[in-house]
Amino acid sequence: MKVGILTFHFAINFGAVIQAYALSTTLRQRGYEAEVIDYRPLRVIARQSTGVRTSLIQRPRFNQFLRKFVPLSTKTYWSSRSLKGVLDHYDTFIVGSDQVWNTRVHHYFDASYFLDFVPENKGRLVSYAASFGGEPVPHAHQAELANLINRFHSISVRETEGKRVVSELTGRRAEVVLDPTLLDIDYEPVVRAPSMPYPYIAAYFLEESRGCYALVDVLKRMTGLPVISLGRKWSNADSSFKYIGPSHWLGCMTNASYVCTNSFHGVAISIAARKPFFVCPTSRRFSRITDLLDSLQLRSRIFFDPENLVKTDLSIDYSVAEVLLGQRVQGSLLFLDRSLSQGQQ
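Cut-offs and rules
- Residues numbered from 1 in each chain as written.
- Predicted model: local features only at pLDDT ≥ 70, side-chain atom pairs only at ≥ 80, totals over all residues.
- Heavy atoms only, no water.
- Helix = DSSP H or I, 4+ residues; strand = E, 2+ residues; numbered from the N terminus.
- Contact = heavy atoms within 4.5 Å.
- Salt bridge = Lys/Arg side-chain N within 4 Å of Asp/Glu carboxyl O.
- Buried < 20%, exposed > 50% of the residue type's maximum accessible area, 1.4 Å probe, protein only.
- Pairing = 2+ DSSP bridges.
- Axes fitted to C-alpha atoms, helices over the stretch in contact; angles between N-to-C directions.
- Core = buried A, V, L, I, M, F, W, Y, C linked by side-chain atoms within 4.5 Å.
- Polar contact = N/O pair within 3.5 Å; in protein donor to acceptor, adjacent residues only side chain to side chain.
- Right-handed = clockwise from strand over helix to strand, strands pointing away.
- Phe/Tyr/Trp six-rings, centres within 6.5 Å; stacked < 30°, edge-to-face > 60°.
- Parallel < 35°, antiparallel > 145°, perpendicular 65-115°, else oblique.
- Nonpolar A, V, L, I, M, F, W, Y, C, P; charged D, E, K, R; others polar.

## Let's talk about the environment of Thr 92
Along the chain, Thr 92 falls in strand β4 (residues 92-95). In this structure, the C-alpha to C-alpha distance between Thr 92 and Gly 123, residues 31 residues apart in sequence, is 5.2 Å. Ignoring anything within four residues of it in the chain, the contact list for Thr 92 reads Met 1, Lys 2, Val 3, Gly 4, Arg 124, Val 126 and Leu 340.

## Observations regarding the pattern of salt bridges
Taken as a whole and judged by the stated rule, the model has 15 salt bridges. Among the salt bridges present, the one from Arg 338 reaches Glu 175, with a minimum N-O distance of 2.2 Å. Here Arg 338, found in helix α10 (residues 319-341), pairs with Glu 175, found in strand β7 (residues 175-176); they are 163 residues apart in sequence, far enough to count as distant. According to the relative accessible area criterion, Arg 338 is partly exposed, its value standing at 31%.

## Looking at the sheet that holds strand β9 (residues 227-230)
Within the open sheet, the 5 strands sit side by side as β10-β9-β8-β11-β12. Their pairing is parallel. Only two strands of the sheet have a single neighbouring strand rather than two, namely β10 (239-241) and β12 (277-279). The sheet shows a mean angle of 20 degrees between the axes of neighbouring strands, taken without regard to direction. Examined bridge by bridge, strand β8 (residues 201-204) and β9 share 3 bridges and lie parallel to one another. Across the sheet, residue Ala 202 finds its bridge partner in β9, namely Ile 228. Its contacts with the sheet place helix α8 (residues 264-272) against β8, β11 (258-261) and β12, and it is angled at close to 160 degrees to β12.

## Remarks on the nonpolar core
Within the largest apolar cluster, 65 residues are counted, with the highest numbers of intra-cluster contacts made by Leu 27, Tyr 128, Leu 230, Trp 249, Ile 271 and Phe 277. When neighbours within four sequence positions are excluded, Phe 277 is seen to be in contact with Val 259, Val 267, Ser 270, Ile 271, Leu 293, Leu 298, Arg 301, Ile 316 and Tyr 318. Core analysis: the next-biggest nonpolar cluster, separate from the first, contains 38 residues, Tyr 108, Tyr 113, Val 157 and Val 165 among them.

## Re unusual backbone geometry
Trans is the prevailing form of peptide bonds, just as negative phi is the prevailing case for residues other than glycine. Here the bond from Gly 96 into Ser 97 is cis, since omega is -5 degrees, no more than 30 degrees from zero. Within the secondary structure layout, Ser 97 lies in the loop between β4 and β5 (124-127). At Leu 115, a position not held by glycine, the phi torsion is positive, near 60 degrees. For Leu 115, the location among the structural elements is in the loop between β4 and β5. The backbone of Gln 297 sits at a positive phi, close to 55 degrees, despite the residue not being glycine. If you trace the backbone, Gln 297 turns up in the loop between α9 (287-295) and α10.

## Here's the deal with the side chain of Ser 156
For Ser 156, the location among the structural elements is in strand β6 (residues 156-157). Taking relative accessible area as the criterion, Ser 156 reaches 0% and is therefore assigned buried. At 3.1 Å, the side chain of Ser 156 forms a polar contact with the backbone nitrogen of Ala 129. If we skip the residues at most four places from it in the chain, Ser 156 touches Ser 127, Tyr 128, Ala 129, Ala 130, Glu 175, Val 177 and Phe 335.

## Some thoughts on the pairing of β9
Where burial is concerned, the two faces of β9 agree: the one with Val 227 and Ser 229 and the one with Ile 228 and Leu 230 are both buried. Read from β8 through helix α6 (residues 210-223) to β9, the crossover connection turns out right-handed. Pairing of β9 with β10 involves 3 bridges; the strand directions are parallel. By the bridge assignment for β10, Leu 230 is matched with Phe 241.

## Topic: the packing of aromatic side chains
Applying the stated rule across the entire model yields 20 aromatic pairs. With a centroid separation of 5.9 Å and 55 degrees between ring planes, the pair formed by Phe 109 and Phe 114 is classed as tilted. Judged by relative accessible area, which is 1%, Phe 114 ranks as buried. Residues Tyr 204 and Trp 249 carry aromatic rings whose centres are separated by 5.2 Å and whose planes lie at 65 degrees to one another, so their mutual orientation is edge-to-face.

## Description of the environment of Val 36
Tracing the chain through its elements places Val 36 in strand β2 (residues 33-39). Assessed through its relative accessible area of 0%, Val 36 is described here as buried. Taking the C-alpha atoms as reference points, Val 36 and Met 253, separated by 217 residues in sequence, lie 25 Å from one another. Among residues more than four places away in sequence, those in contact with Val 36 are Ile 5, Thr 7, His 9, Ala 20, Ser 24, Val 70, Pro 71, Leu 72 and Ser 73.

## Looking at the packing of helix α1 (residues 14-29) against helix α7 (residues 246-254)
Two numbers describe how α1 lies on α7: the axes approach to 10 Å, and their chain directions differ by 95 degrees. It follows from the interaxial angle that α1 and α7 lie roughly perpendicular. The residues of α7 that touch α1, namely those facing Phe 14, Val 17 and Ile 18, are Pro 246, Trp 249 and Leu 250. Considering only residue class, the contact of α1 with α7 consists of 6 nonpolar, no polar and no charged.

Shown next as structure tokens:
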């Protein structure tokens, strides 16, 4: 079976690229001929063109990771209209993971991520861990989304909030599955080992706040370890790696002694690598993280007051979380196999 995956693989975002690698790798390991449809809408690419160094240094590193580790379609599709060209290449289309169903993430509504370009009876439509991003669905799009989602043969979402939204829009039951980065992925082939020969704290923040940096300062004071900042320059860090690629980011995260983050995928990779991690809450879409942590009984890793860290065991006993994670992995893989095997009947 040939499977085409539609997701946000082209973003200058570590989590977006790693989840595309994780889902395509999982499907291939399970015997499916899967590849990521190289859809890069020009309207979005134009918005991403921020800064000369990002374009000249970081973008090539992301593209190199995609070429080397992610199976991409031979052709790149630059507009939603051009996606009609993929119809004869795949038996099944999967949309996900990540915020593919967040209608505001690209500042405009792109129905391609609801597979509107696939005609009836042309292919099986599946969503895997699709996320609405914790954003309410605009009233203007609710009827259209209901019709589009109702076309899917199998529906899964990443958060319980997404399950509620699907139910309210369509009356259908969506399954809640794991982000693909947590599906027992072996990251060793794609990891670039960090250059630091000593223990360190990795700080990875998508949103800056005083609370987040205060959390890092408390942890540094408690451990005496140096801090490396990933993805942005921070004057208080001992080292900053702003323009690194996905392999270097993975290496820095998985080899850290401790991780401080407010990123969903920062948390996911920390859990996958069984790292002691600490989360500072953000002002927006924090339910994505709390949903994951609640499901693994790890909500205690959220620190609203950085000073509470001094009362906390810095290590994590993963024994309970591993059992719960194993159950969720099994359920998520079962959803994939069931959804795809039905397309072979």
